[in-house]
Amino acid sequence: GEGIELLAICTIGQQLYALTCGDYDPHKCALIQFQTGGGCRASNYIMLLRKALNNMGLGYVPVISLSFKGLERYSGFRVTPLMILQGLSSLVYGDMLLLLKNQTAPYEAHPNDTRKTVERWIAELSRQFRSGPFGGGVLTSRVMRKNLRAMAADFHAIPKKNRELTKVGIVGEIYVKYSSFGNNGLEKFLDTQDCEYMVPGVLGFFQFGFANGEMDYRDYGGSRWNLLGGRLAEKWTDHREAYIAEALRPYPEFVVPHSFEKIKTLAD
């Protein structure tokens, strides 16, 4: 109970702070609150956020609900298929950078080599996404595979020390896993303890959501459209996950994550 309340305070509090810290004009802002759309406690956070905004005199700030179930029809905000494709593609690139950074930084021979490489690739990928209606091809399989291979090669080329470090996996609730505010700076602490830590990618969380459509349809009478849409999305993400493994395969120093399909069989 206390953990759930703390998580609500953290996630809602960060949004309220952003609106009141002076960096943004609340009259020109909108908030998007992601929801799982099911029985998860996070499905209720949006009501608390709206209540808090009303109490603070900020009820005019739009709050948009975004979930695996779709977008609120009355939000006034339209999500296009291209936006969804761009978002999913960014997850693939982000997961690759996360993996390469975490498996390179603890061994780098020259401080900040890894950080500079991450920043260079963020700038390059951002440029590609902005370079045309389809990101100059950045969303296509061919360009994505080319980018992922180039990223792996760049991190492989960073000079490294031969060190024996304790390997730590960071798992758990999604907000606490990725937010340094939520986990008390766990990654920075592990940096001081001669550890190499691995954080699972975000793509797997979406694959899990897509795969739920199968169980909903099979066991609970869920929508056939959700089933077909989930299968299509899961197939797309499975292919992109395979591109990451393909790019990492020439470099044995990098650990290739298990595929989501493999993890599903382990759960069964």
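Residues numbered from 1 in each chain as written. Predicted model: local features only at pLDDT ≥ 70, side-chain atom pairs only at ≥ 80, totals over all residues. Heavy atoms only, no water.

Helix-helix packing is characterised by the crossing angle of the two axes and by the distance between the axes. In the contact formed by helix 3 (residues 81-104) and helix 8 (residues 203-220), the axes pass within 9 Å of each other and the chain directions differ by 135°. The pairing of helix 3 with helix 8 is recorded here as oblique in orientation. Counted together, L88, L91, V92 and D95 of helix 3 and L203, F206 and F210 of helix 8 form the full contact between these two elements. (Axes fitted to C-alpha atoms, helices over the stretch in contact; angles between N-to-C directions. Helix = DSSP H or I, 4+ residues; strand = E, 2+ residues; numbered from the N terminus. Parallel < 35°, antiparallel > 145°, perpendicular 65-115°, else oblique. Contact = heavy atoms within 4.5 Å.)

This next bit is on the packing of helix 4 (residues 113-130) against helix 5 (residues 141-156). Their axes nearest at 11 Å, the elements helix 4 and helix 5 cross at an angle of 165°. Judged by the angle between their axes, helix 4 and helix 5 are roughly antiparallel. Between helix 4 and helix 5 lies a crossing whose hand is right-handed. Facing helix 4, whose interface residues are T114, T117, V118, R120, W121, L125 and Q128, helix 5 presents V143, N147, A150, M151, D154 and F155. Here the contact of helix 4 with helix 5 is built from residues that sort into seven nonpolar, four polar and two charged. (Left-handed = near helix turned anticlockwise from the far one by under 90°. Nonpolar A, V, L, I, M, F, W, Y, C, P; charged D, E, K, R; others polar.)

It is worth spelling out the environment of N162 at this point. Secondary-structure assignment places N162 in the loop between helix 5 and strand 4 (166-169). Put simply, N162 and E108 are 54 residues apart on the chain and 9.3 Å apart in space, counted from C-alpha to C-alpha.

With that settled, the discussion passes to helix 8. Taking 1.5 Å of rise per residue, the 18 residues of helix 8 would be expected to cover 26 Å, and the 25 Å separating its terminal C-alpha atoms lies within 8% of that figure. Residues of helix 8 that are buried make contact with helix 3, helix 9 (224-248) and helix 10 (260-267). Note on helix 8: the residue one or two positions beyond its end, G221, has a positive phi of about 70°. (Expected span 1.5 Å × (residues − 1).)

Summed over the entire model, instances satisfying the criterion amount to four aromatic pairs. Consider the rings of Y93 and F129, whose centres lie 6.2 Å apart with planes at 90°: the pair is edge-to-face. With Y93 in helix 3 and F129 in helix 4, this residue pair connects regions lying 36 residues apart in the sequence. For the pair shown, Y93 and F129 are each scored as buried. The interplanar angle of 85° and the centroid separation of 5.9 Å between the aromatic rings of F205 and F206 together place this pair among those described as edge-to-face. Through a chain of ring-to-ring contacts, the aromatic side chains of F205, F206 and F210 assemble into a single cluster. (Phe/Tyr/Trp six-rings, centres within 6.5 Å; stacked < 30°, edge-to-face > 60°. Buried < 20%, exposed > 50% of the residue type's maximum accessible area, 1.4 Å probe, protein only.)

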